[in-house]
Amino acid sequence: MSRDDWRMETRAVREAVPPTAYGENAEALFLTSGYVQPDAETAARRFAGEDDGFTYGRYGNPTTSSFEQRLAAMEGAEAAMGTASGMSAVLMMCMGLLQAGDHVVASRSMFGSTIKLLGTDLAKFGVETTFVPQADVAAWRAAMRPNTKLLFAETPTNPLTEVCDIAALADMAHNAGALMAVDNCFATPVLQRPIALGADIVVHSGTKFLDGQGRVMAGALCASQRLVEKSFLPVLKSAGMTLAPFNAWVVLKGLETLAIRMRAQSETALAMAQWLGSHDQVTAVHYPALSKHPQHALAMSQMHGSGGAVLSFDVGGASPEVARARAFHVLDGLQTLSLCTNLGDTKTLCAHPASTSHGRLSEEQRQASGVTQGLIRVSVGLEHVQDIQADLLNGLNTL
Ligand SMILES: *Cc1c(COP(=O)(O)O)cnc(C)c1O
């Protein structure tokens, strides 16, 4: 059996650069910023990109290469490029693919910082973005222009778990000579492999499920060898959003348990979603594996029958102020779970998106993205489901 035949679980623990002469079984952590060159001629070739050897820490590191190889193999991509954070992966993608005068179509319910980066920061440099309703394929089509270079979706979205049809959007992009990028942070390659569905680029925040234990910041882009070498590597070299070797090593080891974590946490999330739906203080539950989710069938076919480990629920309220107070009451009642604006941890994390992750949006942008003041996001961890429920009941039963 060759490496190419390995299934994802095997790739997750076996794919890496070869071990050193010491034969270490766990992948080595190389903390070095420079590399000694065998001779001047080789050094010249390596710096010119004609030879594979390492040259300088901003350009590459063997531990980071192991992480990139492993993640690429799991995503079914030819190559990957590690970055310092998920947002620096988005920035690298945009800097590598776009120039002034180009147009992007993106979902209006993407991660808050992605909306800020596209809508504000890149707009300053003449890149225009049209934000469309996530699940409305016709709206994506209507937003296309002759200068559209990139379609960018995140599915499921944070925090409302809206799902879009990756294959349909990839077709639309390719028919227009554009590229399709998917932020796969919520599903991870365990549940969803966008490249197999036609996407050109997968964006990751390694900070989330890939690390899985809430320790380090990391990010990555997965794509063809050509895109990674010709479009992203030059940006890395000059802009330096390099993934630190220690962080790469932590996430590399996190990938080894990704499949079993995703399956266990998704199973608890489904039980939580069903349970929350039956509580009389809860007005809505957003979770793709619930049959009443608007894109349930699409989600189940695109995500290998799982809804993932993140859900959100609304506690409602007669006005935005009342809704906010009700949500805060539930969050302030937590004794075991973490009030923490992060996700993808083995610990269950609860957050109020409207005042945290989506707090930098204008009220208009927030309304458009559907993030109400009564909404609570839960990133379900590995605690026992009954202990998670008991902790949420402290606040839910005293509203
Ligand atoms: C967290 C997150 C990001 C950004 O990642 P960082 O590592 O925090 O920079 C991007 N997209 C989604 C969906 C996220 O949840």
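All of the points below concern the structure found in this document. This one's a predicted model, so the numbers in the text were calculated from it and none came from an experiment.

1. Thoughts on the site of the ligand
The environment of the ligand is formed by 14 residues, the closest being Met-87, Asp-183, Ser-205, Thr-207 and Lys-208. At 2.8 Å from an oxygen atom of the ligand is found a main-chain nitrogen or oxygen belonging to Met-87. Asp-183 places a polar side-chain atom, nitrogen or oxygen, 2.6 Å from a nitrogen atom of the ligand. Computed on the free molecule, the ligand has an accessible area of 380 Å², of which 93% lies beneath the protein chains in the complex. Of all elements in the fold, only α4 (86–97) and α9 (206–210) reach the threshold of two or more residues within the shell around the ligand. Partitioning the shell around the ligand into residue classes produces seven nonpolar, four polar and three charged.

2. Focus on the sheet that holds strand β9 (residues 310–314)
One open sheet accounts for five strands, arranged β8-β9-β12-β11-β10; its pairing is mixed. Only two strands of the sheet have a single partner each, and these edge strands are β8 (284–286) and β10 (338–339). Of the pairings in the sheet, the one linking β9 to strand β12 (residues 375–379) comprises five bridges and is antiparallel in character. Bridge pairing in β12 places Phe-313 opposite Ile-376. Against the sheet, helix α14 (residues 320–332) contacts β10, β11 (349–351) and β12, and its axis sits at roughly 30° relative to β12.

3. Points about the packing of α4 against helix α5 (residues 112–121)
α5 packs onto α4 with a crossing angle of 30° between their chain directions and a minimal axis gap of 10 Å. Relative to α5, the element α4 is oriented roughly parallel. Crossing of α4 over α5 shows right-handed handedness. Where α4 abuts α5, its residues Met-87, Val-90, Leu-91 and Cys-94 lie against Ser-113, Thr-114, Leu-117 and Leu-118. The residue makeup of the contact of α4 with α5, split by class, is six nonpolar, two polar and no charged.

4. Overview of the pattern of salt bridges
The full count for this structure, using the stated rule, is 11 salt bridges. Across the pair Arg-3 and Glu-15 runs a salt bridge whose closest N-O atoms are separated by 3.2 Å. Within this pair, whereas Arg-3 is found in the segment before α1 (8–14), its partner Glu-15 is found in the loop between α1 and α2 (40–47), the two being separated by 12 residues in sequence. When its relative accessible area of 41% is taken as the criterion, Arg-3 is described as partly exposed. Among the salt bridges present, the one from Arg-45 reaches Asp-51, with a minimum N-O distance of 3.6 Å. Accessibility expressed as a relative area gives 31% for Arg-45, which makes it partly exposed. Several salt bridges share partner residues, and in doing so they unite Glu-27, Arg-70, Lys-253 and Glu-256 into one network.

5. Some words on the sheet that holds strand β5 (residues 179–183)
Spatially, seven strands are ordered β1-β7-β6-β5-β4-β2-β3 in an open sheet, and the strand pairing comes out mixed. Lying at the two open borders of the sheet, with one neighbouring strand each, are β1 (79–83) and β3 (128–132). Neighbour-to-neighbour, the strand axes of this sheet turn through a mean angle of 20°, independent of strand direction. The strands that helix α3 (residues 62–75) touches are β1, β6 (201–205) and β7 (219–223); relative to β1, the one it contacts most, it runs at about 130°. The strands touched by helix α7 (residues 166–175) within the sheet are β4 (148–154) and β5, with β5 carrying the most contacts at an inclination of about 150°.

Here is what the cut-offs are and how they apply
Residues numbered from 1 in each chain as written. Predicted model: local features only at pLDDT ≥ 70, side-chain atom pairs only at ≥ 80, totals over all residues. Heavy atoms only, no water. Near = heavy atom within 4 Å. Polar contact = N/O pair within 3.5 Å; in protein donor to acceptor, adjacent residues only side chain to side chain. Areas by Shrake-Rupley, 256 points an atom, 1.4 Å probe, with all protein chains shown as cover. Helix = DSSP H or I, 4+ residues; strand = E, 2+ residues; numbered from the N terminus. Nonpolar A, V, L, I, M, F, W, Y, C, P; charged D, E, K, R; others polar. Pairing = 2+ DSSP bridges. Contact = heavy atoms within 4.5 Å. Axes fitted to C-alpha atoms, helices over the stretch in contact; angles between N-to-C directions. Parallel < 35°, antiparallel > 145°, perpendicular 65-115°, else oblique. Left-handed = near helix turned anticlockwise from the far one by under 90°. Salt bridge = Lys/Arg side-chain N within 4 Å of Asp/Glu carboxyl O. Buried < 20%, exposed > 50% of the residue type's maximum accessible area, 1.4 Å probe, protein only.

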